[in-house]
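# Structural features, examined
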Amino acid sequence: MGVLRTLIIKEIRQFRRNPFMPKLVVMFPLMLILVMPWIATMDVKGINVGIADYDRSDISQKIVSRIDASEYLELKGMFADYPSALAELEDGKIDLILEIPAGFGKSMMGTPEKVSIWANGVNAMKGSLGSQYLMQTLLKCFQDIRASRGLSIPESTIETVNFYNPTMDYKHYMIPAIIIMLLVMVGGFLPAINLVMEKELGTIEQINVSPVNRFAFTLSKLIPFWIICLIDLGICMVLAWLVYGLDVAGSIWAILLAAALFIMVISSIGVILANLSETMQQTMFLMLFIILTFILMSGLYTPVESMPLWAQKLAFCLPPTYMVELMRAVYLKGATISDLWINYVALGGFAVLFGVLAAITYKKRG
Amino acid sequence: MQYPIKIDGLTKRYGALTALDGVSFEVGKGELFGLIGPDGAGKTTLFRLLTTLMKPDEGSATVDGFDIVNDYKEIRNIVGYMPGRFSLYQDLSVEENLEFFASLFGGTVKDNYDLIEPIYSQIEPFKTRRAGKLSGGMKQKLALSCALIHRPKVLFLDEPTTGVDAVSRSEFWDMLAGLKQYGITILVSTPYMDEAGRCERIALINDGKILKIDTPGAITDPGMTLEDTFIRLIQEENAKDDICK
């Protein structure tokens, strides 16, 4: 234990003297939490709508002004007929066409005529979400018109209620994912950089000719960054609460336990990669590849369930998949440790597996 | 008598290149033994084998009776190694480096202070300075102190004076001579012929092979310098190789 203590004190001294690192580990979470949730949002805004109005009644005017007032929809132009609107859509100037048939206004008193919506599906997300917004806007508009004339309101409207994230605030959905990204970056890169630096500077030779045990040396590379990551996690959680009003629905201890295991996994992977490579370039390239795979495949941005089956199987071999699911469940749904025991067991298993691999791949004799 | 360093037919290859080719010699207890040879002669490879950083392809060697392949753990407790390249922590201070290496071996600086005192006292006024900010001569004194702080039985110094000024070099050899009273066996390599004279015995090494082993006086041809002798030996060796081909 004495040797481990010596090694850790050395790591902390080196870290504090580094002119760059201590600033980085504070600035990094600040940047990520203050900036990223606004960017990594799934809300689609600024959908350009063109209207082909064959009706030209006061009803169609009401619809037009309602669309114009919408937060998400942007009225780009009025067209005499559908073909001229379609030409605009083909040019990419508008995303949606709303066709109001002739006589639509009058038909409102009895059985309404059908309005049509055409969407550009090249950007699938924009197309489908946009037509949904447009439909909702129209329904609301029709209800108001019929109500103002004392007519019955059709009951056919579909109502969607979102549990756990009632306002469908994607910032809340993304914050747990952004925290995981931070842990992957800080927890993965820092130990890898540190270890490969010792190789490049030759200082590791002095360790290799000493009786230092490989487990002690490996732990001395993991523990300091484990502490730094937990501090970063704290900064993120406080900021998420202060800036976005996002409180942990479940227990903070459930998050801390998961993060403690997850950082161990990710730091061990960093150490393994550094052990396997000779230079900083090799380590960085390997690390970037692994991290990119983690971020894209773990359900951080796109749900694992919508991946092809083979990719789903692969995703369940990756540690972050368990962490992403767990963080969102605890943060947004208030799930407990016993609800998510499989995720904790998986993360714990990965931590032991990669921790041991990190020590084994460290060879004191080349 | 058991030799602290006993090398028997040690061979190491890097792919097609044979860095060490059947090297054999012994170093006696407390001896200051010099390994003299040009760059690329295989000096560093020999050090890396003896300090258990690499495994040999053929042959065997013992350090203080321990086999370099099987008893590597024991060897790491009893040797001190100063690599050719300065490899202490540049962002730690002088005393922090010394404390670090002392406690890596489970000891403290005080335990063996008597051993390093003559060397360390010269850099002690700068003990709070970062190792990276020291001059070449001071770096080398600190590296020697760190290699000695656990009182090793055998000390390996790989080109310790390369890149150091003449005065510091001379001081450094005085320090090595001073270590004799503690019975520490020293294997030191150098490309400088003038330093060879400070060793008790020297081995001339070229192209992975030992050309000759003797005291510096006996090895030198009458009326010639050591350098000229060395060059003559290398030329003879090359001529022999040519005949074989």
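Since the model is a prediction, treat every value here as computed from it, not as a measurement.

Facing 29 residues of chain B, the contacting portion of chain A comprises 23 residues. Taking both partners together, chain B and chain A bury about 2500 Å²; carbon and sulfur atoms supply 54% of that area. When the buried surface of chain B facing chain A is broken down by residue, R76, Y89 and L104 of chain B rank first, second and third, together holding 25% of it. Counting every contact that joins chain B to chain A gives 3 salt bridges. Here chain B is connected to chain A by 14 residue pairs in polar contact (both at pLDDT 80 or more). Among the secondary structure elements, those contributing two or more residues to the side of chain B that touches chain A are α2 (72-78) and α3 (94-104) of chain B. Top element by residues in the side of chain B that touches chain A is α3 of chain B. It accounts for 6 residues. For the side of chain B that touches chain A, the residue count by class is 15 nonpolar, 6 polar and 8 charged.

On any regular strand, side chains alternate: one points to one face of the sheet, the next to the other face. Residue and element names in this part refer to chain B. Judged by how many residues are buried, strand β8 (residues 185-190) sits mostly within the fold: 6 of 6 residues are covered. Along β8, one buried face is formed by T185, L187 and S189 and the opposite face, lined by I186, V188 and T190, is buried too. In this view, the connection linking strand β7 (residues 154-157) to its parallel neighbour β8 by way of helix α6 (residues 166-178) has right-handed handedness.

On to the sheet that holds strand β1 (residues 47-53) of chain A, then. All names here are of chain A. Taken in spatial order, the 4 strands make up an open sheet running β2-β1-β3-β4, and their pairing is mixed. Since the sheet does not close on itself, it has two edges, and those belong to β2 (73-79) and β4 (116-119), each with one partner. Sheet twist, expressed as the average angle between the axes of neighbouring strands with direction ignored, equals 25°. Across the sheet, helix α4 (residues 82-90) lies against β1, β2, β3 (96-100) and β4, angled at about 170° from β3, the strand it touches most.

All names here are of chain B. For α6, which comprises 13 residues, the first-to-last C-alpha distance of 19 Å matches the rise-based estimate of 18 Å (1.5 Å per residue) to within 8%. Taken residue by residue, α6 has S168, R169, F172, W173, M175 and L176 as its buried positions. The buried residues of α6 occupy one face: seen down the axis, they fall within an arc of 155°. Exposed and oriented more than 90 degrees from the buried face of α6 are A166 and V167.

A separate point is the side chain of T361 of chain A. Residues and elements named next belong to chain A. By the secondary structure assignment, T361 is in helix α14 (residues 341-361). Polar side-chain contacts of T361 include one of 3.2 Å to the backbone oxygen of A358. Apart from the residues lying within four places of it in its own chain, the contact partners of T361 are I272, N275 and L276.

This part covers the pattern of salt bridges. According to the stated counting rule, one finds 24 salt bridges over all chains in the structure shown. In this structure, D91 of chain A and K93 of chain A form a salt bridge, with 3.8 Å as the shortest nitrogen-oxygen distance. The salt bridge involving E237 of chain B is made with K240 of chain B; its shortest N-O contact spans 3.6 Å. Of the two residues, E237 of chain B and K240 of chain B both sit in helix α9 (residues 226-244), 3 residues apart, roughly one turn of that helix. Through salt bridges that share partners, K10, E11, E198 and K221 of chain A make up one connected network.

Counting residues in hydrophobic clusters, the biggest one holds 133 residues, and the most contacted among them are Y331 of chain A together with L144 of chain B. Apart from the residues within four sequence positions on either side, L144 of chain B is in contact with M82, I119, L155, L157, F172, M175 and L176 of chain B. Ranked by size, the runner-up nonpolar core spans 29 residues in total, among them V209 of chain A together with L20, I68 and V154 of chain B.

Following the sequence through the fold, A192 of chain A ends up in helix α7 (residues 170-201). A192 of chain A sits 79 residues away from V271 of chain A along the chain, and the two C-alpha atoms are 5.1 Å apart.

With that out of the way, let us pick up the domain arrangement of chain A. Where interface size is quoted, it is often the accessible area lost as the parts come together. Domains assigned within chain A are domain 1 (2-40 + 166-361) and domain 2 (47-148). Centre-to-centre, using C-alpha coordinates, domain 1 of chain A lies 48 Å away from domain 2 of chain A.

This brings us to the sheet that holds strand β3 (residues 32-36) of chain B. Within a sheet, each strand pairs with its neighbour through backbone hydrogen bonds, oriented either parallel or antiparallel. All names here are of chain B. Judged by pairing direction, the sheet is mixed, and its 6 strands sit side by side in the order β6-β7-β8-β3-β9-β10 without closing on themselves. Each edge of the sheet is formed by a strand with only one pairing partner; in this case those strands are β6 (79-82) and β10 (209-214). Strand after strand, the sheet turns through a mean of 15° between neighbouring axes, direction not considered. Both β3 and strand β9 (residues 201-206) contribute to a ladder of 4 bridges, which runs parallel. Across the sheet, G34 pairs through a bridge with I202, a residue of β9. Lying over the sheet, helix α1 (residues 43-50) contacts β3, β6, β7, β8 and β9, oriented at roughly 150° with respect to β8. Where α9 meets the sheet, its contacts fall on β3, β9 and β10, and the angle it forms with β10 comes to roughly 140°.

Residue and element names in this part refer to chain A. Viewed as axis vectors pointing N to C, α7 and helix α13 (residues 319-333) meet at an angle of 135°, and their least axial separation amounts to 9 Å. The angle between α7 and α13 places the two elements in the oblique class. For the pair α7 and α13, the crossing hand works out as right-handed. Contact residues: H172, Y173, M174, P176, A177, I179, I180 and L183 in α7; M323, V324, M327, R328, Y331 and L332 in α13. Of the residues assigned to the contact of α7 with α13, the class counts are 12 nonpolar, 1 polar and 1 charged.

Definitions and cut-offs
- Residues numbered from 1 in each chain as written.
- Chains lettered and ligands numbered in written order.
- Predicted model: local features only at pLDDT ≥ 70, side-chain atom pairs only at ≥ 80, totals over all residues.
- Heavy atoms only, no water.
- Contact = heavy atoms within 4.5 Å.
- Buried area = accessible area lost by both parts, 1.4 Å probe.
- Salt bridge = Lys/Arg side-chain N within 4 Å of Asp/Glu carboxyl O.
- Polar contact = N/O pair within 3.5 Å; in protein donor to acceptor, adjacent residues only side chain to side chain.
- Helix = DSSP H or I, 4+ residues; strand = E, 2+ residues; numbered from the N terminus.
- Nonpolar A, V, L, I, M, F, W, Y, C, P; charged D, E, K, R; others polar.
- Buried < 20%, exposed > 50% of the residue type's maximum accessible area, 1.4 Å probe, protein only.
- Right-handed = clockwise from strand over helix to strand, strands pointing away.
- Pairing = 2+ DSSP bridges.
- Axes fitted to C-alpha atoms, helices over the stretch in contact; angles between N-to-C directions.
- Expected span 1.5 Å × (residues − 1).
- Arc of directions from axis to C-beta.
- Core = buried A, V, L, I, M, F, W, Y, C linked by side-chain atoms within 4.5 Å.
- Domains from an automatic or database assignment.
- Parallel < 35°, antiparallel > 145°, perpendicular 65-115°, else oblique.
- Left-handed = near helix turned anticlockwise from the far one by under 90°.

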